[in-house]
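Structural features, examined
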Amino acid sequence: MSLNRYESQVRGPLVEGSKDYHQITEDICRPVEATPSKLWWVGFIISVGLLIFGIVSVTMEVMYGTGQWNLNKTIGWGWDITNFVWWVGIGHAGTLISAILLLFRQGWRTGVNRAAEAMTIFAVMCAGQFPIWHMGRVWNAFFVMPYPNTRGPLWVNFNSPLLWDVFAISTYFTVSLLFWYCGLLPDLATLRDRAKLKWRKLFYGMASFGWTGSTKHWQRHEALSLVLAGLSTPLVLSVHTIVSFDFATSVIPGWHTTIFPPYFVAGAVFSGFAMVQTLLLITRKVLGLEEYITMEHIDVMNKVIVLTGSIVGIAYLTELFIAWYSHVEYEWFAFRENRVNLSSPYGWSYYLMMGCNVLSPQIFWFKKMRRNLLVTFFMSILVNIGMWFERFVIIVTSIYRDYLPSSWSTYYTPTIWEIGFYMGTFGLFFTCYFLFSKFFPVIAIAEIKHILKRSGDNFKEQMEKDENESLEAFEHANAHH
Amino acid sequence: MAIKKFITGNFYEEAVLFPAVKKVRRAGYKIHDVYTPFPIHGLDKELGMKDTDLHIAGFIYGITGTTTAISFITWALARDWQINFGGKPFFSLPAWIPIMFELTVLFSAVGMVLTFCWLCQLAPFVKKDHFNPRSTDDTFVMAVECTDKTNEAEAIAFLKEAGAQDVQVQSRETGWWFGRYDRETVRFGKKVAAV
């Protein structure tokens, strides 16, 4: 092959173990076709348990109002909106991996994109719950829709960031779902054609939409994927930008910050990648997919984590500096007294955030650490905790003391129902993820086959030979190719 | 419905498939389709297919989304029910950009996916046969359409020589909706035996 010389030698193979196309199909379809393991059942039952706990908790909230969540006059946004922003953030890595990396022609996305996209969809499902139930009178939730109504008609406020959110999140969910499902079609067809049981034939026959792999279909599919990626890339940036507008367009000290849009986007990518790491480390181990989700993938994602973690760190410091430099006395008070001051009621959460998000990822400057599974797993959890605290710090430390000292809140602690609801979304997320890993291929089969000849183990081996050839001999060989 | 005959051959390597496509087309055979387990770049050109216009459709849908958003919001907030939000003008375009953008993306994405499904005739419960189940696994299956003039034995030999393996003659019903095209048996009607 003439172009071998231009493939970087530094990069490891993306598919290990000298596979051929059929083996790839076998390996990735195996977990779907086998009966689920005991571990799967244990995980699934725990998830469903959490989900039920969540349903009970949210029922309590619907019956008795947001007071059940300990929300009060100054702290109107507590854990609920913290969780909302956190889950939306988690949801960002999927589309980022799929779309942005597709546009940038990054081959390594193929090993992880399917699981990451699924994660996005489930995370956005969890995120969307929070603002809806937080409305309190949830039976009126349809008021956010602009429809001709009996109240005037009184239209929704299109100038409000909260309504932008409605459009942003629902668009994001729809587009992510379409993107994910279009990518699934060929793989579902593979499963359909392998199916031996009747219900499998029926299920995958229905789900694969009659995909055949015709060249014309592939041509359109590629065009569709590329344009969807092109649409999703600004979309993914817009969604968290709009979420940040919920805060940034207000006049609350600590929220009223122009740096929020890029800072939120970086934070979302940061926490999203951490969650992808958590999930994929477990998935590859449990489903035996180490040859497809390789150390190379984990290494690359850790690099993204250290990059975005550092961007987030710079954002924190910029925010702090500008709070002081701007001479806005309320802004500086919010930072000095409510956050940086360790002896203030929530000072601890600021330092927890800084420690988890800014300091700890710096460990990934070392290759040894990036390629250590245990460290990566531990870090991925730590980053997610840190990013949760970031949202908590932004929300609670900015509003528990407002302009009037007389209405300064007492220390806000979540109730069991508030925690229960958060746990419930974990239940929803993992229930969906377990079902996904059982019924759908967690790795995009077609896409892995597509990169096999360029990035597989066998190719890399062959390339080494070419690489060691002298330049003259190489050029000579090519001249007659 | 009429019955059509196809000669199908499997290929295991892209490196064999591409020259084979060229040869088969040059020899005057009509390639009905090549079924592959993953997209093979350049194969569409090799088969003489035109580029898809799906992107243009996407662009038109996108513009429709933008127009819908701006015209609807303008009508609702600046005409139908004017409310003074913090002293802002009724027509406050900058504040509407987020929703205009989201609707552009939404219309474009949904429209394109629906168009894609329509063009490819894909929908839940649609069943299509693609001559060889392995074409969604590891082989590239070329289906050559037979006409009255086609000498089957000759065509089979030609395909084999071009590198195809496991060459067969298969017949299918014409028409393509709801499994009509490619199923060995017709859903409503008499069974057709494969040749």
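Placed above this text is the structure.
Residues numbered from 1 in each chain as written. Chains lettered and ligands numbered in written order. Predicted model: local features only at pLDDT ≥ 70, side-chain atom pairs only at ≥ 80, totals over all residues. Heavy atoms only, no water.

The next subject is the pairing of strand β1 (residues 3-11) of chain B. All names here are of chain B. Inspection of the sheet shows β1 paired to strand β4 (residues 165-173) by seven bridges, in the antiparallel sense. Across the sheet, the residue bridging to Lys5 is Ser171, located in β4. As defined by bridge partners, β1 adjoins strand β3 (residues 140-145) across six bridges and the pair is classed as antiparallel. What sits directly across from Gly9, in β3, is Met142. (Pairing = 2+ DSSP bridges. Helix = DSSP H or I, 4+ residues; strand = E, 2+ residues; numbered from the N terminus.)

Right, let's get into the pairing of strand β2 (residues 30-35) of chain B. Residue and element names in this part refer to chain B. The element β2 is largely enclosed, with a buried count of five among its six residues. Taken together, the five bridges between β2 and β3 define a ladder with antiparallel strand orientation. Directly across from Ile31, in β3, lies its bridge partner Val144. (Buried < 20%, exposed > 50% of the residue type's maximum accessible area, 1.4 Å probe, protein only.)

Below, the discussion takes up the packing of helix α3 (residues 79-90) of chain A against helix α15 (residues 416-439) of chain A. All names here are of chain A. It is at 10 Å that the axes of α3 and α15 come closest, and there the two elements cross at 20 degrees. On the basis of their axis angle, the class for α3 and α15 is roughly parallel. By crossing handedness, the relation of α3 to α15 is classed as right-handed. Taking contact as the criterion, the partners of Trp79, Asp80, Asn83, Trp86 and Trp87 in α3 are, on α15, Glu418, Ile419, Tyr422, Thr425, Phe426 and Phe429. (Axes fitted to C-alpha atoms, helices over the stretch in contact; angles between N-to-C directions. Parallel < 35°, antiparallel > 145°, perpendicular 65-115°, else oblique. Left-handed = near helix turned anticlockwise from the far one by under 90°. Contact = heavy atoms within 4.5 Å.)

Let us look at the packing of aromatic side chains. Residues and elements named next belong to chain A. With the rule as written, the count across this model stands at 66 aromatic pairs over all chains. Measuring from ring centre to ring centre gives 5.6 Å for Trp77 and Phe247, while their planes differ by 90 degrees; the resulting arrangement is edge-to-face. With a gap of 170 residues between them, Trp77 in the loop between α2 (38-64) and α3 and Phe247 in helix α8 (residues 215-248) connect regions that are remote in the sequence. Like Phe247, Trp77 is buried. Arranged with centres 5.1 Å apart and planes meeting at 90 degrees, the rings of Phe429 and Phe430 form a pair that is edge-to-face. Look at Phe429 and you get buried, because its relative accessible area is 0%. It is Lys438 that lies over the ring of Phe439; its NZ or CZ is 5.6 Å from the centre. (Phe/Tyr/Trp six-rings, centres within 6.5 Å; stacked < 30°, edge-to-face > 60°. Lys NZ or Arg CZ within 6 Å of the ring centre and 35° of its normal.)

Turning our eyes to something else, we now look at the pattern of salt bridges. Residues and elements named next belong to chain B. Summed over the entire model, instances satisfying the criterion amount to 19 salt bridges over all chains. Across the pair Lys22 and Glu46 runs a salt bridge, and its minimum N-O distance is 3.7 Å. Here Lys22 is found in helix α1 (residues 14-26), whereas its partner Glu46 is found in helix α2 (residues 43-46), with 24 residues between them in sequence. Given a relative accessible area of 43%, Lys22 falls into the partly exposed group. (Salt bridge = Lys/Arg side-chain N within 4 Å of Asp/Glu carboxyl O.)

A separate point is the side chain of Thr376 of chain A. Residues and elements named next belong to chain A. Relative to the helices and strands, Thr376 is located in helix α14 (residues 373-399). Of the polar contacts made by the side chain of Thr376, one reaches the side chain of Asn302; its length is 3.2 Å. Discounting chain neighbours no more than four positions away, the residues touching Thr376 are Gln277, Leu281, Ile298, Asn302, Phe364, Met369 and Arg370. (Polar contact = N/O pair within 3.5 Å; in protein donor to acceptor, adjacent residues only side chain to side chain.)

Before going further, it helps to examine the nonpolar core. Core analysis: the biggest nonpolar cluster contains 175 residues, and Trp87, Phe158, Phe247 and Phe273 of chain A together with Met142 of chain B have the highest contact counts within it. For this core, the element with the highest residue contribution is helix α6 (residues 161-194) of chain A, accounting for 15 residues. When neighbours within four sequence positions are excluded, Phe273 of chain A is seen to be in contact with Ala93, Leu96, Ile97, Trp108, Met301, Val304 and Ile305 of chain A. Counting residues in each nonpolar core, the second largest holds five residues, with Phe6, Tyr35, Val141 and Ala143 of chain B among its members. (Core = buried A, V, L, I, M, F, W, Y, C linked by side-chain atoms within 4.5 Å.)

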